[in-house]
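# Secondary and tertiary structure notes
In case you want the letters, here they are:
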There are 2 protein chains.
Amino acid sequence: MADEMGAAEERKILVAVDESEESMHALSWCLKNVLVSNNPSKDTLILLYVKPPRVVYSSLDGTGYLLSSDIMATMQKYSNDIADCVIEKAKRMCREQVQDVKVETIIEHGDARDLICQAAEKLHADMLVMGSHGYGLIKRAFLGSVSNHCAQNVKCPVLIVKRPKSNSGSK
Amino acid sequence: MADEMGAAEERKILVAVDESEESMHALSWCLKNVLVSNNPSKDTLILLYVKPPRVVYSSLDGTGYLLSSDIMATMQKYSNDIADCVIEKAKRMCREQVQDVKVETIIEHGDARDLICQAAEKLHADMLVMGSHGYGLIKRAFLGSVSNHCAQNVKCPVLIVKRPKSNSGSK
């Protein structure tokens, strides 16, 4: 009976977060519309942040010379700082909006499209939540939308949340 | 406070249904994971079925001759019967899985990709739920996936639910 009602099942909800406002909105929307009142203590929220692959830094140097190790180290640190900052912000949002929800965090390194899909499979996620993109406009034009790729390739249900209406409405 | 908790807000959840098993699974998943226990009486579920446009019937006659009005009428009736059958099945599923949820139904006629997007906007839906496709394999190859199109063009959050694991696992 409990199973039929769906409320007693434990769910793993994977939320792909990045530095975009849209991604935080997706998390917030999920907390409010999927978790809250659906017995949140039964849910585990897994926050996944994917750092860009190192090749992105190298390609910044268009001269063909390798970047010095100093610059690489600085960029590496910068990338780690952003990851920590995004994860902290996301965790704070979870604590503020929902009590008693279990939150886990994962930081990966590489192509967001592949790593989000792999994480969903590996974790046996019951649902993947994400903003409608995760790349900037230019990279998106070449690589396609991250959310499209994930919606096509992930087996579990995928919830794609666009940026808040207030922003899109003002454009 | 109620607003902050998200539980007191009325939501319009648009579910695109069709004759596929995947579409019914998407509805069932939504009832279980999004509606149940989230104060379902606050939610209105809007079931949308889109009948294929008439040009689909005409194109069945590859000889270039127009189909007779008898055949057209038969096909029209067949199409209406399928629509009624799908909508009835979906309504029954809602009644069986969730008590106190308000259910409305809409039957449209035309291109599912456009009509689902238009309905989401017109109804100011808070969420669109659908299976991962809505066309058969061949039409999908030419027209692209309905869910992809909607995920890209609808402003509200889109939940895409794949066919049940038991089915995909056995293939």
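Residues numbered from 1 in each chain as written. Chains lettered and ligands numbered in written order. Predicted model: local features only at pLDDT ≥ 70, side-chain atom pairs only at ≥ 80, totals over all residues. Heavy atoms only, no water.

- Chain A has the name UspA domain-containing protein in an unreviewed UniProt entry, where Populus trichocarpa is given as its organism.

### Remarks on the overall build of chain A
- What chain A contains, in helices and strands, is eight helices and five strands.
- Helices and strands appear in chain A in the N-to-C order α-β-α-β-α-α-β-α-β-α-α-β-α.
- Per-residue burial for chain A yields a buried fraction of 46% across its 171 residues.
- Partitioning the contacts of chain A with sequence separation of at least 6, the portion at a separation of at least 24 is 76%. (Helix = DSSP H or I, 4+ residues; strand = E, 2+ residues; numbered from the N terminus. Buried < 20%, exposed > 50% of the residue type's maximum accessible area, 1.4 Å probe, protein only. Contact = heavy atoms within 4.5 Å.)

### Focus: the nonpolar core
- In terms of nonpolar packing, the biggest core is built from 52 residues, with V17(A), L27(A), L45(A), V17(B), L27(B) and L45(B) touching the most fellow members.
- If near-sequence neighbours (up to four positions away) are discounted, V17(A) is found in contact with S23(A), M24(A), L27(A), L47(A), L48(A), Y49(A), V50(A), V86(A), I87(A) and A90(A). (Core = buried A, V, L, I, M, F, W, Y, C linked by side-chain atoms within 4.5 Å.)

### Some remarks on the pattern of salt bridges
Residue and element names in this part refer to chain B.
- Per the stated rule, a full pass over the model turns up eight salt bridges over all chains.
- The closest approach of N and O atoms between D43 and R11, which form a salt bridge, is 2.9 Å. Remark: R11 occurs in strand β1 (residues 11-17) and D43 occurs in strand β2 (residues 43-51); sequence separation between them is 32 residues. Just as D43 is buried, R11 falls in that class too.
- Two residues, K77 and D81, come together in a salt bridge whose shortest N-O distance is 2.8 Å. Remark: D81 and K77 occur in helix α4 (residues 69-97); sequence separation between them is four residues, near one turn of the helix. (Salt bridge = Lys/Arg side-chain N within 4 Å of Asp/Glu carboxyl O.)

### With respect to the environment of M24(A)
All names here are of chain A.
- Residue position: M24 is located in helix α2 (residues 21-35).
- Residue class for M24 comes out buried when judged on its relative accessible area of 6%.
- For M24 and M130, which are 106 residues apart along the polypeptide, the C-alpha to C-alpha distance reads 9.0 Å.

### Some words on the sheet that holds strand β5 (residues 158-161) of chain A
- The 10 strands are arranged β3(A)-β2(A)-β1(A)-β4(A)-β5(A)-β5(B)-β4(B)-β1(B)-β2(B)-β3(B) in an open sheet whose pairing can be described as mixed. Sheet topology places β3 (102-109) of chain A together with β3 (102-109) of chain B at the edges, where each strand pairs with a single neighbour. Going from strand to strand, the sheet's axes swing by 20° on average, the running direction of each strand aside.
- Where strand β4 (residues 127-131) of chain B lies against strand β5 (residues 158-161) of chain B, four bridges are found, and the strand directions are parallel. Across the sheet, G131(B) pairs through a bridge with V161(B), a residue of β5(B).
- Along the sheet face, helix α2 (residues 21-35) of chain B touches β1 (11-17) and β4 (127-131) of chain A together with β1, β2, β4 and β5 of chain B and points at about 160° away from the line of β1(B). (Pairing = 2+ DSSP bridges. Axes fitted to C-alpha atoms, helices over the stretch in contact; angles between N-to-C directions.)

### Topic: the pairing of β4(B)
Residue and element names in this part refer to chain B.
- When you tally the buried positions in β4, you get five out of five residues, the bulk of the element.
- Taken together, the three bridges between β1 and β4 define a ladder with parallel strand orientation. In the sheet register, I13 faces β4, and the bridge partner there is M127.

### Quick word on the packing of α2(A) against helix α4 (residues 69-97) of chain A
Residues and elements named next belong to chain A.
- One can describe the packing of α2 onto α4 by two numbers: an axis separation of 10 Å at closest approach and a directional angle of 25°. Here α2 lies roughly parallel to α4, going by the angle between them. The handedness of the crossing between α2 and α4 is right-handed. Between α2 and α4, the contacting residues are M24, L27, S28, L31 and K32 on the first element and V86, K89, A90, M93, C94 and Q97 on the second.
- Along the lines of polarity and charge, the residues of the contact of α2 with α4 split into seven nonpolar, two polar and two charged. (Parallel < 35°, antiparallel > 145°, perpendicular 65-115°, else oblique. Left-handed = near helix turned anticlockwise from the far one by under 90°. Nonpolar A, V, L, I, M, F, W, Y, C, P; charged D, E, K, R; others polar.)

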